[in-house]
Amino acid sequence: MKKIIFVGIIILLIIPGAFAQLRLDLAIDVPVKIGVSVSDLDGGSSNESIDVLEFGTFPVPEALFAYQTSLGPVKVGGGIRVFSLILESIAWPHVYTELDLSPIVINAGIGGGGFMMFGLYNNMDTANLFIPDMHVAYKFGDTFRLGIGAMGFTGSDLGSNGFPYIIYLTGRFSILFDKDK
């Protein structure tokens, strides 16, 4: 039984490579709001946030290394998403779906479950933490996009009544390799 599962995993890893494109996204994300939405035990809720732009901009470099396949205007993919604060970086697995309505692009994805930190502190760990993300962008040419997005943090490791989130502006280059496939 273990051999059948192992062969199945190998097939699932090899076959998508025959039909997928390699994708590299290089982005700069600028947080606009950072907040947490909390629901009370009484059924009420509150939303506390800070306006980051009042304190100045703090750009965060991001990269996505992924395989993606096209289903017409919809692209589906998965890979590794990396955020860097120069001295420390964090990476996690990420899957996404993207709808290209040229010149508008809508990208929704979720990542998490396992995290790798590298830089001053190196560690690899799993956590019951998942990061849904959605951004809408305007395409300038084939590769450059400007837009706005929102990222949340959910999972039992955060507790049951809080939902932290970030709203950000993004500028990204989305580069596809193996376009002939």
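Given the structure is predicted, the values throughout are model-derived calculations rather than measurements. (Residues numbered from 1 in each chain as written. Predicted model: local features only at pLDDT ≥ 70, side-chain atom pairs only at ≥ 80, totals over all residues. Heavy atoms only, no water.)

## As for the overall build of the chain
As a reminder of what qualifies: The way it works is that DSSP assigns letters per residue, a run of H or I at least four long becomes a helix, a run of E at least two long becomes a strand, and they are numbered from the N terminus. The classification of residues rests on relative accessible area computed with a 1.4 Å probe and restricted to protein chains. Under 20% of the type maximum is buried, over 50% is exposed, and intermediate values are partly exposed. The Shrake-Rupley method, run with a 1.4 Å probe, gives the accessible areas here. Residue values count only the displayed protein chains as cover.
Assigned secondary structure in the chain consists of one helix and nine strands. Written out in order from the N terminus, the α and β elements of the chain read α-β-β-β-β-β-β-β-β-β. In the chain, buried positions account for 31% of the 181 residues. For the chain, the exposed area adds up to about 11,000 Å²; of that, 71% sits on carbon and sulfur atoms.

## Here we look at the nonpolar core
Rules: What makes a nonpolar core is a set of buried Ala, Val, Leu, Ile, Met, Phe, Trp, Tyr and Cys residues whose side-chain atoms join them at distances within 4.5 Å. Should any heavy atoms of two residues lie within 4.5 Å, those residues are considered in contact.
The biggest cluster of nonpolar side chains holds eight residues, and these are Val60, Phe83, Trp92, Phe115, Leu129, Ile131, Met151 and Tyr168. In this view, Met151 contacts Arg81, Phe83, Ile131, Pro132, Asp133, Pro164, Tyr165, Ile166 and Tyr168; residues no more than four positions away in its chain are not counted.

## Describing the pattern of salt bridges
We count it as follows: Salt bridges, as used here, are contacts in which a Lys or Arg side-chain nitrogen is within 4 Å of a carboxyl oxygen on Asp or Glu.
Across all of its chains, the model carries nine salt bridges by this definition. For the salt bridge of Asp25 with Arg23, the shortest nitrogen-to-oxygen distance reads 2.8 Å. Classification of Asp25 as buried rests on a relative accessible area of 2%. Exposure remark for Arg23: the relative accessible area of 3% places this residue in the buried category. For Lys139, the salt bridge is made with Asp100, and the minimal N-O distance between the two is 3.0 Å. Linking Lys139 in strand E7 (residues 123–140) with Asp100 in strand E5 (residues 88–101), this pair joins segments that are 39 residues apart in sequence. Looking at Asp100, the relative accessible area reads 19%, which means it is buried. Linked through salt bridges whose partners overlap, the residues forming this network are Arg23, Asp25, Asp29, Glu62, Arg81, Glu98, Asp133, Arg145 and Arg172.

## Here's the deal with the pairing of E7
Where we set the bar: Strands are treated as partners if at least two bridges between them are detected by DSSP.
Bridge count between strand E6 (residues 104–119) and E7: 13 bridges; the pairing is antiparallel. Paired with Ile106 across the strands is Val136, a residue of E7. Where E7 lies against strand E8 (residues 144–152), eight bridges are found, and the strand directions are antiparallel. Bridging from a neighbouring strand, Ala137 pairs with Gly147 of E8. The antiparallel pairing of E7 with E8 creates a hairpin that spans three residues between the two strands, and Gly141 there sits at a positive phi of about 80°.

Honestly, it's all geometry; don't read function into it.
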